[in-house]
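Each chain, written out:
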Amino acid sequence: MHTDRSSDAFTSPKQLPAVCRDRGLDGLAITDHNVLAVDSSDELVILPGIEISTRHGHVIGLGVSEAVPRGLSADETIRRIRDLNGVSIIPHPYDLLRSSVRPHLLTVRPDAVEVINSSSFLHSVTWNRARKFAEKENYPMTGGSDSHIPQTIGRAYTEVECGSKDTGSILASLRSGSMTPFGRPVRATERFRKLFYAKRKGS
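The residue numbering used here restarts from 1 in each chain and proceeds along that chain's sequence as written. Local features in this predicted model are restricted to residues of pLDDT 70 or higher, and side-chain atom pairs are both shown and tallied only at a pLDDT of 80 or more, whereas totals for entire chains, interfaces and linings draw on every residue. Values shown for side chains rest on all heavy atoms present in the structure; no hydrogens or waters enter the calculation.

Caption draft 1: Local environment of the sheet that holds strand E3 (residues 49-54). Spatially, the five strands line up as an open sheet ordered E3-E4-E5-E6-E7, and their pairing is mixed. Pairing within the sheet leaves two strands with one partner each, and these edge strands are E3 and strand E7 (141-144). Going from strand to strand, the sheet's axes swing by 35 degrees on average, the running direction of each strand aside. Two elements, strand E6 (residues 112-117) and E7, share four bridges in a ladder whose sense is parallel. Among the inter-strand pairings, Glu-114 is bridged to a residue of E7, identified as Thr-142. By definition, residues are in contact when any of their heavy atoms lie within 4.5 Å. For helices, the axis comes from a line fit to the C-alpha atoms of the stretch in contact; other axes are also lines fit to C-alpha atoms, and the angle between any two N-to-C directions lies between 0 and 180 degrees. Helix numbers and strand numbers start at the N terminus; a helix is a DSSP run of H or I with at least 4 residues, a strand a run of E with at least 2. Lying over the sheet, helix H2 (residues 74-83) contacts E3, strand E4 (57-62) and strand E5 (87-90), oriented at roughly 5 degrees with respect to E4. By the convention used here, strands pair only if DSSP detects at least 2 bridges between them.

Next comes the structure, spelled out in structure tokens:
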């Protein structure tokens, strides 16, 4: 999910504990655009993350210790994430209206492919294509809300099987594929709400 450190998002990090308690979430990954999130919480598991704008679309890095620069190729970005001992995920692949990597064109293998993204348009098409590709190529699969407003946090999520809630154990489970994606798309009213927040922020 994105916080208000992303120019197109409207959730304050201070809101996260209450929202997660309300929705039964143990934690989340903050992946602001080209800004590394290193938030911590006594109540939540928060994975450090970033969503990087590559020349070929967005790539998520989780568990990295520093920001990966934007503007690299998708393959080089995945290499940089690996060098930082992070987990690389291809978000919203095949999305027609957002900057999306086509994973079948990669020459460097990412750690996982997102097959459920709540914010995807034409989700029945894009989710199905992403899942078919991930199953064919034996990729671990994730789900994410890609939330930009508080109301959509947890709309899609990933259940991770691990023996501990520490970051290292969670990242290891993601690499090994010990997880299951779940979720549903955002509502049209929530898309309009995001536009309302954007207009109010710009006024």
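Caption draft 2: Focus on the packing of aromatic side chains. We call Phe, Tyr and Trp rings a pair once their centres come within 6.5 Å, taking the six-membered ring for Trp, and we label the pair stacked below 30 degrees between planes, edge-to-face above 60, and tilted otherwise. Applying the stated criterion across every chain, the model contains three aromatic pairs. Between the aromatic rings of Phe-133 and Tyr-139, the centroid separation amounts to 5.6 Å while the plane-to-plane angle is 25 degrees, which identifies the pairing as stacked. Given a relative accessible area of 12%, Phe-133 falls into the buried group. Between the aromatic rings of Tyr-157 and Phe-182, the centroid separation amounts to 5.4 Å while the plane-to-plane angle is 20 degrees, which identifies the pairing as stacked. Taken as a pair, Tyr-157 in strand E8 (residues 156-160) and Phe-182 in strand E9 (residues 179-183) lie far apart in primary sequence, 25 residues in all. Looking at Phe-182, the relative accessible area reads 31%, which means it is partly exposed. Ring-pair connections join several aromatic residues into one group, and the members of that group are Tyr-94, Phe-133 and Tyr-139. Whether a charge lies above a ring is judged from NZ of Lys or CZ of Arg, which has to be within 6 Å of the ring centre and within 35 degrees of the ring normal. The positively charged end of Arg-109 is found above the aromatic ring belonging to Tyr-139, 3.8 Å away from the centroid. Here Arg-191 stacks its cationic end above the ring of Phe-121, 4.0 Å away from the centre of that ring. Categorising residues by exposure relies on relative accessible area from a 1.4 Å probe, with only protein chains included: less than 20% of the type maximum marks a residue as buried, more than 50% marks it as exposed, and the intermediate range marks it as partly exposed.

Caption draft 3: Representation of the layout of surface pockets within the structure. In this analysis the probe radius is 1.4 Å and the grid spacing 1 Å, with only protein atoms considered; a cavity is a set of points the probe fits into but cannot get out of, a pocket is an open set with protein on both sides within 12 Å along at least five of seven lines, and lining residues have an atom within 4 Å of a point. Grid points are joined across faces, edges and corners, and a volume is the space filled by probe spheres set on the points. The calculated volume of the largest pocket comes to roughly 960 Å³. Surrounding the largest pocket, 41 residues form its lining, Gly-27, Leu-28, Ala-29, Tyr-157 and Thr-158 being those nearest its centre. Of all the secondary structure elements, the ones that give two or more residues to the lining of the largest pocket are strand E1 (27-29), strand E2 (45-47), E4, E6, E7, E8 and helix H4 (167-176). Here the lining of the largest pocket gets five residues from one element, more than from any other, and that element is E8. Looking at the lining of the largest pocket, its residues break down into 17 nonpolar, 14 polar and ten charged. Quantified by volume, the second largest pocket comes out at close to 360 Å³. Together, 21 residues line the second largest pocket, and Ser-119, Asp-146, His-148, Arg-191 and Lys-194 are the ones closest to its centre. Looking at which element gives the most residues to the lining of the second largest pocket, the answer is helix H5 (residues 188-202), with five residues. Three classes are used: nonpolar for Ala, Val, Leu, Ile, Met, Phe, Trp, Tyr, Cys and Pro, charged for Asp, Glu, Lys and Arg, and polar for all others, with Gly counted as polar.

The values reported here are purely geometric and, on their own, carry no functional implication.
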